[in-house]
Amino acid sequence: MKEKSTQGVRCQPNRRSFMINSAGMLLAASFIGSKKGFAAASDISSPVHAASNWLLDEWNPHTPFLVWGKPLRVQPILMYATPQPQKESSWRSWGGVLTEESAAEEIDRITRELRAMAEDAEFPLQIYPPVKVKSPEEAERALQSEHDVTLVYPASGSGRLLEACVPKNGDAVLFVRHRSGPLYYWYEALSVAYLKTDQSDAPVRLGDAHVNDVVVDDYGEALWRLRALYGVKNLLGCKIVALGGEWGKYASDAPQIARDKFKMEIINIPYEDVEKRIKSALADPQKMALAEKWTDRYLTLPQTTLKTEKHFVVNAFILYRIFKELMWENQTPLFTIKDCMKTIIPISKTTACLSLGLINDEGLFTLCESDFVVLPAGILLRHISGKPVFMHNSTFPHKAVVTCAHCSAPRRMNSDRYEPTTIMTHEESDFGAAPKVEIPRGQELTFIDPEYTKGRWVGICGNVQDNPFYPICRSQQDVRIQGQWKKLLNEVRDSHWLMVYGDFLKEAGYAARKLGILWDNISDA
């Protein structure tokens, strides 16, 4: 469903919109602050009551993939000047927007172009009506709207006016024209006197604006930058449930860094608070019957093979539902679990691997092991890609190949189809239910490898070569690395990586700079 506002351009992605009449979809609306979501799902106004009624949240593999991020709000500004002729003098600058008539035509052009761009967005994007500005006072008024990003069209005008149009605190993208319309003066005049560079972080006239914030002609280039900023907005200040506590693999300070740098709110829930709930559900005939029904439905999905005991899958659906209760009760679509290879197993009589994959397949976000070294990057990648994220172990690179493996892979990795999957035991325990997901050979992947808590992320692109069956975690891929693979030899850390379908290195690198993270893209040709 796409919505157009008479007050500007507003887009909700059609394939993934959460405004659908089902409790599961409306749950996503409630996560981002809509108090109507609970009531619309049923006649019950209490979210806790709704969460406790499992019939209201029927597992359905055909439910559209959820989008639950807060919309990115964009304020476009057309900056221009109307110089007057002066005899025997150079009285006008470069550019084709130097009159009120040409400015009015340009505003109409910008409005049409932004509407088309919003139609292409697969993330929640709200674009306000473009505003014409030709004085610092008008710029100040334009910047008073409640928005996240200023999209500046500097057609003409002075450096002082440009400084007024770009917010001192906040994000801006500058769009200049070469061939897409009337040529802009600032296509020529933008320089490192105004913009920061990768080589220099010295103060410049436009504050934090960077050469990478400039787009020439191409709205595709503008859109991926906005997609990255959407990810940044929804990472900063997010809230996550951490069942069993928090940690960071080889970096004990990772949870505190997540709080301080990314403003994350971590809700620690001890196993003692959940153990009774799990055991009660396992002893409840009605809930077990629902889990049996969901299991039968899951196992009838095409290309699904069962090679473990069915009751492990049934119990995994019990865990799936209880994990979602914890998310609902704490009003967050983000969840992680610590000690999932030991503490949860004797309580639930299964493993959490499949349960986490089921939640990710719906469009919510879960990672196992509660590793806050990688969780911020994973949340960012989930938002900028619009797809599930697979956290996996890294291996030693050789001949441009690495092996990626873990037991809790999502199955709906492209956010639509379910990949061929065998449900097996968890590798290390030989117990429970874990998916072995087969990723198509040749599938392009993006990886982020955070260097502990040092404020540096490594970006990687690769393609799946094979889905082997080594005696390692069940979902496993041999991946051929694109670009300067030998650089990975200096990055071997026995750490977790994050994987998503597609190439999102531009967005991830752009977002990393906005977050104050050093970005090293080894696949950059």
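Residues numbered from 1 in each chain as written. Predicted model: local features only at pLDDT ≥ 70, side-chain atom pairs only at ≥ 80, totals over all residues. Heavy atoms only, no water.

1. Details of the overall build of the protein
Here's step 1: Within the protein, the regular secondary structure consists of 16 helices and 21 strands.
Here's step 2: Expressed as a percentage of its 525 residues, the buried residues of the protein come to 58%.
Here's step 3: Long-range contacts, defined as pairs at least 24 residues apart, comprise 74% of the intrachain contacts of the protein with a sequence gap of at least 6.
Here's step 4: Carbon and sulfur atoms form 50% of the exposed surface of the protein, whose accessible area is close to 21,100 Å². (Helix = DSSP H or I, 4+ residues; strand = E, 2+ residues; numbered from the N terminus. Buried < 20%, exposed > 50% of the residue type's maximum accessible area, 1.4 Å probe, protein only. Contact = heavy atoms within 4.5 Å. Areas by Shrake-Rupley, 256 points an atom, 1.4 Å probe, with all protein chains shown as cover.)

2. Section: the pairing of strand 14 (residues 401-406)
Here's step 1: The buried fraction of strand 14 amounts to six of the six residues, a majority that puts the element mostly inside the structure.
Here's step 2: With six bridges joining them, strand 14 and strand 19 (residues 475-481) adopt antiparallel strand pairing. Residue pairing in the sheet places H406 in a bridge with S475 of strand 19. (Pairing = 2+ DSSP bridges.)

3. Some points on the state of the cysteines
Here's step 1: Counting across every chain of the model gives zero disulfides.
Here's step 2: In this model C368 remains outside any disulfide bridge; the closest cysteine sulfur is found in C340, 4.6 Å from its own. (Disulfide = S-S within 2.5 Å.)

4. As for the packing of helix 10 (residues 271-282) against helix 12 (residues 310-329)
Helix packing geometry: the angle between the two helix axes and the distance between the axes.
Here's step 1: Packing of helix 10 against helix 12 brings their axes to within 10 Å, and their N-to-C directions diverge by 135°. It follows from the interaxial angle that helix 10 and helix 12 lie oblique. Seen along the crossing, helix 10 lies across helix 12 with a hand that is right-handed. The residues of helix 12 that touch helix 10, namely those facing V274, R277, I278, A281 and L282, are N315, I318, L319, I322, E325, L326 and E329. (Axes fitted to C-alpha atoms, helices over the stretch in contact; angles between N-to-C directions. Parallel < 35°, antiparallel > 145°, perpendicular 65-115°, else oblique. Left-handed = near helix turned anticlockwise from the far one by under 90°.)

5. Notes on the layout of surface pockets
Here's step 1: By volume, the largest pocket amounts to about 1,100 Å³.
Here's step 2: Listing elements by their share of the lining of the largest pocket, those giving two or more residues are strand 6 (171-176), helix 8 (219-235), helix 9 (254-262), helix 16 (505-514) and strand 21 (518-521).
Here's step 3: When residues in the lining of the largest pocket are grouped by element, the largest group, six residues, is from helix 16.
Here's step 4: When the residues that make up the lining of the largest pocket are grouped by side-chain class, the tally is 19 nonpolar, 11 polar and 16 charged. (1 Å grid on protein atoms, 1.4 Å probe; cavity = no way out; pocket = protein on both sides within 12 Å on 5 of 7 lines; lining within 4 Å. Points joined across faces, edges and corners; volume = space filled by probe spheres on them. Nonpolar A, V, L, I, M, F, W, Y, C, P; charged D, E, K, R; others polar.)

6. Let's talk about unusual backbone geometry
Here's step 1: Phi is positive for E88, which is not a glycine, with a value near 50°.
Here's step 2: Tracing the chain through its elements places E88 in the loop between strand 2 (72-79) and helix 4 (100-120).
Here's step 3: A positive phi angle is found at Q303, which is not glycine, with a value near 60°.
Here's step 4: Within the secondary structure, Q303 sits in the loop between helix 11 (285-299) and strand 10 (304-306).

7. Considerations on the pattern of salt bridges
Here's step 1: Scanning all chains against the criterion turns up 36 salt bridges.
Here's step 2: Put simply, E113 and R177 hold a salt bridge, and the shortest N to O gap is 2.7 Å. One end of the pair, E113, is in helix 4; the other, R177, is in the loop between strand 6 and helix 7 (186-189), with 64 residues separating them in the sequence. R177 matches E113 in its accessibility class, with the two residues each being buried.
Here's step 3: With its nearest N and O atoms 2.9 Å apart, the salt bridge here joins R277 to E329. You can see R277 sitting in helix 10 and its partner E329 sitting in helix 12, a full 52 residues away along the chain.
Here's step 4: Judged by relative accessible area, R277 falls into the partly exposed class, the value being 26%.
Here's step 5: Connected through shared salt-bridge partners, D449, E451, K454, R456, E491, R493 and D520 make up one network. (Salt bridge = Lys/Arg side-chain N within 4 Å of Asp/Glu carboxyl O.)

8. As for helix 14 (residues 353-362)
Here's step 1: Of all the 10 residues making up helix 14, 10 are buried; the element is thus mostly covered by neighbouring parts of the structure.
Here's step 2: Among the residues making up helix 14, those that are buried are C353, L354, S355, L356, G357, L358, I359, N360, D361 and E362.
Here's step 3: Remark: G363 follows helix 14 within two positions and exhibits a positive phi of approximately 110°.

9. A word on the pairing of strand 11 (residues 334-337)
Here's step 1: By the alternation rule, side chains of strand 11 split into L334 and T336 and F335 and I337, which are all buried.
Here's step 2: Relative to strand 11, strand 8 (residues 239-243) runs parallel, the two sharing three bridges. Bridging from a neighbouring strand, V241 pairs with F335 of strand 11.
Here's step 3: With four bridges joining them, strand 11 and strand 12 (residues 365-368) adopt parallel strand pairing. Looking at strand 12, one finds that T336 is bridged to L367.

10. Overview of the sheet that holds strand 15 (residues 421-426)
Here's step 1: An order of 10-15-16 is seen for the three strands of this open sheet, with the pairing classed as mixed. Only two strands of the sheet have a single partner each, and these edge strands are strand 10 and strand 16 (431-437). Looking at each pair of strands side by side, their axes are set apart by 30° on average, direction ignored.
Here's step 2: Two strands pair when backbone bridges link them, and strand 10 and strand 15 are joined in this way by three bridges, in the parallel orientation. When the sheet's bridge partners are listed, T305 is paired in strand 15 with T422.
Here's step 3: Here helix 12 sits on the sheet and contacts strand 10, strand 15 and strand 16; the angle it forms with strand 16, its principal contact strand, is near 85°.

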